[in-house]
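Remarks on the overall topology
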Amino acid sequence: MTSFNGTFFLGHFKKHIIIVGIFLICTSFLVACGETSTNTEGDGENKHIDFLYNFSTNSLDPHVDSSYVPLRAGITETLVKLDEENLTIAPWLAESWEGEDGINWTIHLHEHVTFHNGNNMDAKAVKASLERVIEENVAMKNALKIDEIEADGYTLHISTTQPFPEFISELVNPNVAIIDVTEGDVINKPIGTGPFVLESFAPGSRLHLSRFDDYWDGASNLDSVTFSFNEDANARSFALKSGEVDIVYRPEVESLESLEEMEEIKVESTATFRVHQMTMNMQRESIQDVHVRRAIDALINRQQIVDTILLGHAEAAEGPFLPSLPFAPSYEERQSGSDAAIMYLEEAGYTLEDGIMQKDGEPLQFTLLTYSARADLPLIAQVFQSDAKQIGIDVEIRQIDTPEDYMASNRDWDLATYSNLTAPRGDAGYYLNATYHSTGALNFSGVENPELTEMIDELNRTVYQEDRAILAERIADYVNENMINSFVLHPSTIVAYNEDKVENWVTTKSEYYMITNQLDVK
């Protein structure tokens, strides 16, 4: 039994979605974007851009919100940022820093930076912001490992609880954005230092932004921006085609050909530091058997998914990191297909009887979580469900809204299609700490492996990049050998925009920096 029926099922599924979804697409688009047209260049002088994003949010608290909208919308900034060309950390709100012993850090801030309310961004204000991060976000408290912060004019003195050479790189995280914590309503109106001021926020719908004239790094030429949300990929494509928006993040893949046929539309497909993975709940009895996990991995027909769902805008994944990264291991070819899956399950004590995969009379069943904000993930789930059925495994697909919140607080699931940035700072430490350390913010598998945790702790103490790369490879190999999660593909980030109007748009590999002071209209 080596054949996969995912292609047939995928075609049937997509046709069904198209038939029942046309009305929903149009109505959801009107709800999400209907008000934005009133903000475009009404008098011919207002320079405005409408941006449509694929994730919605009900909170703009930058210290806890997993959508990172405040930073992506140009409201907030971090002390340092990723230099995406060189995969190094670059100054941003911080001008420079020192910390040779990996414990005691001195950070020199740019002077003359003001918050949107006119208050100075001095060391005292940054200290208060960092302390709020630690108080509000346990995961970031664990990641930063800050022991003490002292403020002196425009200089911060920070000590960590242990030697932590990569401390500065953790400050790239959008959850460590600097805000004025003296302002009250952080959820609906955070006061940052970015090039755009938040004028209004409709939770789950849109933000209206205006230029911050006193922006420290040069005021934008734009007067205003509307940052809208719509989790329906078809609706996002329709919005661009109809001229209601200027830039669309992740349009529907099947619409790309028609978009590219429009002279004014430019489509960019950029490889990023992202992986679509099959997250495995290690606290579920069946998943605790490594042979079951290997069977799940064998059932994933990666190239078929790349070709039929992403239409080639992706690369089949062997591990979490792009093969081009210096810390990505070389993997031996794994057995795949239904025959291999059955073999692994037999090693786990399962047999296929009367068309049902079972053990001790109990059928093997999985609950698989997925979410629609990334349109390809539900389709990946459907293909996996279809292929698992061919060897007698029943997979129940459960749609959820916010995967991070659901997986962190519920353990009533076995598998989840999940998309994760694995090297947004150009280093393996972020992903390995967040996903596999016992205290990791994204450790949704619930893995608590002392050997793995110790290897990650050793990585955190290691200074030199060559040594870090060797350790990261060893950890990634360990994850692979023990099949702690399975990796499907590295998707390209696709952005489409009206190039007759939009100027200086950049699709970043980190997916952090979107609405910048360089963005303009022609």
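Numbers given to residues run from 1 along each chain, matching the order in which its sequence is written. Since the coordinates come from a predicted model, pLDDT governs what is reported: local features require at least 70, and pairs of side-chain atoms require 80 or more to be given and counted, while whole-chain, interface and lining totals use all residues. Side-chain descriptors were evaluated using all non-hydrogen atoms of the structure, hydrogens and water having been removed beforehand.

Under the scheme used here, helices are H or I runs from DSSP no shorter than 4 residues and strands are E runs no shorter than 2 residues, and both carry numbers assigned from the N terminus. When helices and strands are counted, the protein shows 15 helices and 23 strands. Values of the radius of gyration come from C-alpha atoms, whereas the globule rule sets the reference at 2.2 Å times the count of residues to the power 0.38. A compact globule built from 522 residues would reach a C-alpha radius of gyration of about 24 Å, and the protein, at 24 Å, matches this within 12%. In terms of its C-alpha atoms, the protein occupies a principal-axis envelope of roughly 70 × 55 × 35 Å. Out of the 522 residues belonging to the protein, those deemed buried represent 58%. Throughout, a contact is declared for two residues whenever any of their heavy atoms are within 4.5 Å. For the protein, contacts bridging at least 24 residues in sequence account for 70% of all contacts bridging at least 6. For the area figures, the Shrake-Rupley method with a 1.4 Å probe applies, and any residue is considered shielded solely by the protein chains shown. Per element, the accessible surface of the protein, about 21200 Å² overall, is 46% carbon and sulfur. For the purpose of charge, His is not counted, nor are the chain termini; Lys and Arg are scored as positive and Asp and Glu as negative. Charge positions are represented by NZ for Lys, CZ for Arg, CG for Asp and CD for Glu. Seen as two clouds, the 35 positive and the 86 negative side-chain charges of the protein have centres 2 Å apart. Three exposure classes are used, based on accessible area relative to the maximum for each residue type with a 1.4 Å probe and protein chains only: buried under 20%, partly exposed in between, and exposed over 50%.

Right, let's talk about the packing of helix H8 (residues 290–298) against helix H10 (residues 338–347) for a bit. Here the axes come from fitting lines to C-alpha atoms, over the contacting stretch only for helices, and the angles between their N-to-C directions go from 0 to 180 degrees. For the pair H8 and H10, the least separation of the axes is 8 Å and the interaxial angle reads 170 degrees. Here H10 runs roughly antiparallel to H8, going by the angle between their axes. Packed against H8, whose contacting residues are His-291, Val-292, Arg-294, Ala-295 and Ala-298, the element H10 presents Ala-340, Ala-341, Tyr-344, Leu-345 and Glu-347 at the interface. Grouping the constituent residues of the contact of H8 with H10 by class yields seven nonpolar, one polar and two charged. Working rule for angles: under 35 degrees goes down as roughly parallel, over 145 as roughly antiparallel, 65 to 115 as roughly perpendicular, anything else as oblique. Note that Gly is not counted as nonpolar here; it falls among the polar residues with everything else outside the nonpolar set of Ala, Val, Leu, Ile, Met, Phe, Trp, Tyr, Cys and Pro and the charged set of Asp, Glu, Lys and Arg.

What follows deals with the pattern of salt bridges. Here, a salt bridge means any Lys or Arg side-chain nitrogen found within 4 Å of an Asp or Glu carboxyl oxygen. Taken as a whole, this structure holds 17 salt bridges when the rule is applied. A salt bridge links Arg-468 to Glu-166, with the nearest nitrogen and oxygen atoms 3.6 Å apart. Taken as a pair, Arg-468 in helix H15 (residues 465–481) and Glu-166 in the loop between strand S7 (155–160) and helix H5 (167–170) lie far apart in primary sequence, 302 residues in all. Taking relative accessible area as the criterion, Arg-468 reaches 2% and is therefore assigned buried. You can call Glu-166 buried: its relative accessible area is 13%. If you follow the salt bridges from partner to partner, you end up with Glu-166, Asp-427 and Arg-468 in one network.

With that settled, the discussion passes to the packing of helix H13 (residues 429–436) against helix H14 (residues 450–461). For the pair H13 and H14, interaxial distance at closest approach is 10 Å and the crossing angle is 150 degrees. Relative to H14, H13 is oriented roughly antiparallel. When the axes of H13 and H14 are compared, the crossing they make is left-handed. Note on element contacts: H14 touches H13 through Leu-452, Ile-456, Leu-459 and Asn-460, opposite Gly-429, Leu-432, Asn-433 and Tyr-436. Tallied by class, residues from the contact of H13 with H14 come to five nonpolar, three polar and no charged. Crossings are assigned a handedness: left-handed for a near helix turned anticlockwise from the far helix by less than a right angle, right-handed for a clockwise turn.

Let's shift gears to the environment of Glu-135. Relative to the helices and strands, Glu-135 resides in helix H3 (residues 123–136). On a C-alpha basis, the gap between Glu-135 and Ile-296 in space is 39 Å, while along the polypeptide they are 161 residues apart.

What follows deals with the side chain of Asn-230. If you trace the backbone, Asn-230 turns up in the loop between strand S10 (224–229) and helix H6 (233–241). At 2.9 Å, the side chain of Asn-230 and the backbone nitrogen of Asp-232 are in polar contact. Counting of polar contacts relies on pairs of N or O atoms within 3.5 Å, with two restrictions inside protein: one atom must be capable of donating a hydrogen and the other of accepting it, and residues adjacent in sequence are counted only when both atoms are side-chain atoms.

Stacked, tilted and edge-to-face are the three classes assigned to paired rings of Phe, Tyr and Trp, where Trp is represented by its six-membered ring and a pair needs centres within 6.5 Å; plane angles under 30 degrees give stacked, over 60 edge-to-face, the rest tilted. The final tally for this structure, using the stated rule, is 20 aromatic pairs. Measuring from ring centre to ring centre gives 5.5 Å for Trp-92 and Tyr-513, while their planes differ by 90 degrees; the resulting arrangement is edge-to-face. You can see Trp-92 sitting in the loop between strand S3 (88–91) and strand S4 (94–98) and its partner Tyr-513 sitting in the loop between strand S22 (502–503) and strand S23 (520–521), a full 421 residues away along the chain. On the basis of relative accessible area, Trp-92 is assigned to the buried category, the value being 11%.

Now for the pairing of strand S5 (residues 104–109). Looking at chain direction, S4 and S5 are connected through four bridges and run antiparallel. From the neighbouring strand, Trp-97 faces S5, where its bridge partner is Ile-107. Linking S4 back to S5 in an antiparallel pair, the connection comprises five residues, with Gly-102 at a positive phi of about 75 degrees. Should DSSP find at least two bridges between two strands, the strands are regarded as paired. As paired elements, S5 and S7 share five bridges and run antiparallel to each other.

A few words now on the sheet that holds strand S17 (residues 362–363). The three strands lie next to each other as S15-S16-S17, forming an open sheet whose pairing is antiparallel. Each having just a single partner strand, strand S15 (351–353) and S17 make up the two edges of the open sheet. The pairing of S15 with strand S16 (residues 356–359) spans three bridges and is antiparallel. Within S16, the residue paired with Glu-353 across the bridge is Ile-356.

Our focus in this paragraph is H3. Here H3 is 14 residues long and its end C-alpha atoms lie 20 Å apart, about the 20 Å a rise of 1.5 Å per residue gives. Of the positions making up H3, those classed as buried are Ala-123, Ala-125, Val-126, Ser-129, Leu-130, Arg-132, Val-133 and Ile-134. In this fold, the buried residues of H3 make contact with S5, helix H4 (138–144), strand S6 (146–152) and S7. Here the expected span of a helix is defined as 1.5 Å times the quantity of residues minus one.

What holds strands together in a sheet is hydrogen bonding between their backbones, with the strands either parallel or antiparallel. Pairing is antiparallel across the open sheet formed by four strands, whose spatial order is S4-S5-S7-S6. Only two strands of the sheet have a single neighbouring strand rather than two, namely S4 and S6. In this sheet, neighbouring strand axes are inclined to one another by 20 degrees on average, regardless of whether the strands run parallel or antiparallel. Sheet topology note: the S6/S7 ladder contains six bridges and is antiparallel. What sits directly across from Glu-148, in S7, is Ser-159. This element, H3, spans S5, S6 and S7 of the sheet and lies at about 160 degrees to S6.

Summary of the metric used: pLDDT quantifies the predictor's per-residue confidence within the range 0 to 100. Summing up the model confidence of the protein, the mean pLDDT is 90 and the portion of residues at 70 or higher is 92%. Every residue in residues 1–9 scores below 50 in pLDDT, and together they form 27 contacts with partners more than four places removed in sequence or on other chains. Counting interchain partners and residues more than four positions distant, the pLDDT-below-50 stretch residues 15–43 has 42 contacts.

Its identity is not glycine, yet Tyr-68 carries a phi of approximately 60 degrees, on the positive side. For Tyr-68, the location among the structural elements is in the loop between strand S1 (48–53) and helix H2 (69–72). Classification of Tyr-68 by relative accessible area gives buried; the value is 13%. For Arg-250, which is not glycine, the phi torsion reads 55 degrees and is therefore positive. Within the element layout of this structure, Arg-250 appears in the loop between strand S11 (247–249) and helix H7 (256–260).

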